[in-house]
Amino acid sequence: SNNKSIIATRIYKAKEAFFSLGKLWKTNITMAVRCMTYKGYVVNALLTGLECEPLRPSDIHKLEMCQNGLIRRALNGIGNKLVEGTMNKSNNEDTRKLMKVCTVHSTLRARRIKWIQNIIAHPAENEQLRAAVCGLRAGTITAPYKAWLQIILEDILELLEKSIQLSKQGIHSY
């Protein structure tokens, strides 16, 4: 299906961006440079254009797996812990924290909200809006897709719910 090809292309592009930097990941660069380089090249290559795609949970999972694997390679062992003579890999959440990278799901949520803000500000300039809003896809659809506006609504409601929870705890989410 067309969606599989889009996901496969994004994963290929992310790996291409990662490996094009060669031995950089094995050098003794600072974490700040490591994080900025990873986010600037790899995350953008992985997620570019997906904010307007109606992705299935299996698509998000594939993207998450790719990102988690590339983060581990970029960290080159940083964050792993020696426990009783055995080297243990840190979990995905810890590796994302070390690299200051959010999950694919939350990154796409933030990008979708920024994208919709741009569409609202400039509606006449966004022809792709009609296809995205209607959830129309070229090719044969083999699995159900959520309507794009439903995905945006869920993103906003989830962010509002988290913000309310944080404000009840006295933590400002901005």
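Please refer to the structure higher up on the page.
Values in this document were obtained by computation on a predicted structure and should not be read as measured data.

**Considerations on a nonpolar patch on the surface**
Working step 1: A cluster of nonpolar side chains, contributed by Leu153, Ile156, Leu157, Leu160 and Ile164, occupies part of the molecular surface with about 430 Å² of accessible area.
Working step 2: Among the secondary structure elements, Ile156 is positioned in helix H7 (residues 148–168).

**Let's talk about unusual backbone geometry**
Working step 1: Phi angles above zero are rare outside glycine, and Asn76 is one such case at about 50°.
Working step 2: Overall, the relative accessible area of 38% leaves Asn76 in the partly exposed class.
Working step 3: Even without glycine at this site, Lys100 takes up a positive phi of about 55°.
Working step 4: Mapped onto the secondary structure, Lys100 falls in the loop between helix H4 (92–99) and helix H5 (104–121).

**Observations regarding the packing of aromatic side chains**
Working step 1: Applying the stated criterion to the full structure yields three aromatic pairs.
Working step 2: Plain terms: the ring middles of Phe18 and Trp25 are 4.9 Å apart, the flat faces sit at 0° to each other, and that makes the pair stacked.
Working step 3: Residue Trp25 is classed as buried on the basis of its relative accessible area of 2%.
Working step 4: Ring geometry for Trp25 versus Tyr38: centroids 6.3 Å apart, planes at 70°, classification edge-to-face. With Trp25 in the loop between helix H1 (2–20) and helix H2 (31–47) and Tyr38 in helix H2, the pair connects residues that are 13 residues apart, well separated along the chain.
Working step 5: Three or more aromatic residues joined by ring pairs make a cluster, and in this case those are Phe18, Phe19, Trp25 and Tyr38.

**Section: the packing of H1 against helix H3 (residues 57–75)**
Working step 1: Running from N to C, H1 and H3 cross one another at 5°; their axes reach a closest spacing of 10 Å. Taken together, the axis directions place H1 and H3 in an arrangement best described as roughly parallel. Along the contact surface, H1 presents Asn3, Ile7, Arg10, Ile11, Ala14, Lys15, Phe18 and Phe19, while H3 presents Asp59, Lys62, Leu63, Cys66, Leu70, Arg73 and Ala74.
Working step 2: A per-class count over the contact of H1 with H3 returns nine nonpolar, one polar and five charged.

Rules used throughout
Residues numbered from 1 in each chain as written. Predicted model: local features only at pLDDT ≥ 70, side-chain atom pairs only at ≥ 80, totals over all residues. Heavy atoms only, no water. Patch = residues over 30% accessible without salt bridge, like charges linked within 9 Å, V, L, I, M, F, W, Y side chains within 5 Å. Areas by Shrake-Rupley, 256 points an atom, 1.4 Å probe, with all protein chains shown as cover. Salt bridge = Lys/Arg side-chain N within 4 Å of Asp/Glu carboxyl O. Helix = DSSP H or I, 4+ residues; strand = E, 2+ residues; numbered from the N terminus. Buried < 20%, exposed > 50% of the residue type's maximum accessible area, 1.4 Å probe, protein only. Phe/Tyr/Trp six-rings, centres within 6.5 Å; stacked < 30°, edge-to-face > 60°. Axes fitted to C-alpha atoms, helices over the stretch in contact; angles between N-to-C directions. Parallel < 35°, antiparallel > 145°, perpendicular 65-115°, else oblique. Contact = heavy atoms within 4.5 Å. Nonpolar A, V, L, I, M, F, W, Y, C, P; charged D, E, K, R; others polar.

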